[in-house]
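Below are the chains, spelled out letter by letter.
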Amino acid sequence: MNIDAMIVEFLAEAKLAGYAAGDNAEKIKLADGAFEIRYGKNNLLYVDRYYGGEPFIGEEILFVDSVAQWGMNFTGHVTPGNDHRMEEIYGFLQEALRNKDRTMPLRGPSIYKNHRLVYTSLIDGSINYFCAHEKIHFNNELLYIGNFHGGIINRITE
């Protein structure tokens with residue numbers, strides 16, 4: 001099974017309604033301390049669940065007809081000495097995530113710049129199976145690093 005174009009388009013749309021939406025995302029705080037964002041359309045459901053604020057760890061799962069079909073795990077943190085810039089860094093991260101490549105909607109684009117900061121994302125693989133990392137720099141100073149991996153799940157079930 002490969003993720004088809006309809007699912008990729010849904011994933012891109014769902015991610016824009018998720019963490020990338022910033023304060024506009026509808027977050028639910030769960031009893032275990034996680035935050036969860038859900039986005040559904042027809043027979044598709046996207047669930048983004050993460051723990052922590054800084055550093056953070058989480059997962060995204062895409063369900064088709066109530067069966068998990070695709071997933072991604074992620075973690076990230078602001079580098080030591082840059083805690084005072086967290087609001088700027090995470091605001092820029094959300095901005096970069098809103099500008100993702102809609103044909104490979106994993107996190108942000110391969111490169112995204114504003115007047116001060118640069119976001120980069122290096123992906124090894126395809127949307128079906130990948131390992132990747134993202135970084136935010138100011139000049140040559142590393143401010144943030146994140147890692148993510150995932151792909152198709154439940155290709156074969158019991």
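Refer to the preceding data block for the structure.
If you're wondering where the values come from, they're calculated on a predicted model, not measured in any experiment. (Residues numbered from 1 in each chain as written. Predicted model: local features only at pLDDT ≥ 70, side-chain atom pairs only at ≥ 80, totals over all residues. Heavy atoms only, no water.)

Observations regarding the overall build of the protein chain
Of regular secondary structure, the protein chain possesses 2 helices and 9 strands. Going residue by residue from the N terminus, the α and β elements of the protein chain occur as α-β-β-β-β-β-α-β-β-β-β. A compact globule built from 158 residues would reach a C-alpha radius of gyration of about 15 Å, and the protein chain, at 15 Å, matches this within 12%. Projected onto its principal axes, the C-alpha positions of the protein chain cover 50 × 35 × 25 Å. Of the side-chain charges in the protein chain, 15 are positive and 21 negative, and the distance between the mean point of each set is 3 Å. (Helix = DSSP H or I, 4+ residues; strand = E, 2+ residues; numbered from the N terminus. Rg over C-alpha atoms; globule rule 2.2 N^0.38 Å. Lys, Arg positive; Asp, Glu negative; His and termini not counted. Charge placed at Lys NZ, Arg CZ, Asp CG, Glu CD.)

Let's talk about the pattern of salt bridges
Within the structure shown, the criterion is met by 8 salt bridges. Here Glu-36 makes a salt bridge to Arg-38, at a shortest N to O gap of 2.7 Å. Residues joined in a network through salt bridges with shared partners are Glu-36, Arg-38 and Arg-49. (Salt bridge = Lys/Arg side-chain N within 4 Å of Asp/Glu carboxyl O.)

Regarding the environment of His-137
Structurally, the position occupied by His-137 is in strand S8 (residues 129-138). Between the C-alpha atoms of His-137 and Arg-116, which are 21 residues apart in sequence, the distance is 8.8 Å. Setting aside residues up to four positions removed in sequence, His-137 forms contacts with Arg-116, Leu-117, Val-118, Leu-142 and Leu-143. (Contact = heavy atoms within 4.5 Å.)

So, the pairing of strand S5 (residues 67-78)
Two strands pair when backbone bridges link them, and strand S4 (residues 56-64) and S5 are joined in this way by 9 bridges, in the antiparallel orientation. Bridging across to S5, Glu-60 finds its partner in Met-72. Hairpin geometry of S4 and S5 is characterised by an intervening segment of 2 residues between the two adjacent antiparallel strands and by a positive phi of about 50° at Asp-65. Looking at chain direction, S5 and strand S9 (residues 141-152) are connected through 9 bridges and run antiparallel. Counted as the bridge partner of Thr-75 is Asn-147 from S9. (Pairing = 2+ DSSP bridges.)

Concerning helix H2 (residues 86-98)
For H2, spanning 13 residues, the distance from its first C-alpha to its last is 18 Å, which sits close to the expected 18 Å at 1.5 Å a residue. Among the residues making up H2, those that are buried are Ile-89, Tyr-90, Phe-92, Leu-93, Gln-94, Ala-96 and Leu-97. (Expected span 1.5 Å × (residues − 1). Buried < 20%, exposed > 50% of the residue type's maximum accessible area, 1.4 Å probe, protein only.)

Structural notes on the packing of aromatic side chains
According to the stated counting rule, one finds 10 aromatic pairs in the structure shown. For the ring pair Tyr-90 and Tyr-144, a centre distance of 5.9 Å and an interplane angle of 80° mean the geometry is edge-to-face. You can see Tyr-90 sitting in helix H2 and its partner Tyr-144 sitting in strand S9, a full 54 residues away along the chain. An aromatic cluster of at least three residues, connected via ring pairs, comprises Phe-56, Phe-74, Tyr-90 and Tyr-144. Here Arg-85 stacks its cationic end above the ring of Phe-138, 4.9 Å away from the centre of that ring. Against the face of Phe-74 rests Arg-107, its NZ or CZ located 5.5 Å from the ring centre. (Phe/Tyr/Trp six-rings, centres within 6.5 Å; stacked < 30°, edge-to-face > 60°. Lys NZ or Arg CZ within 6 Å of the ring centre and 35° of its normal.)

As for the side chain of Glu-134
Turning to its location among the elements, Glu-134 is positioned in strand S8. Its relative accessible area of 1% is what places Glu-134 among the buried residues. A distance of 2.6 Å separates a polar atom in the side chain of Glu-134 from a polar atom in the side chain of Tyr-119. In contact with Glu-134, other than residues within four places in its own chain, are Leu-93, Leu-97, Arg-107, Tyr-119, Thr-120, Ser-121, Tyr-144, Ile-145, Gly-146 and Phe-148. (Polar contact = N/O pair within 3.5 Å; in protein donor to acceptor, adjacent residues only side chain to side chain.)

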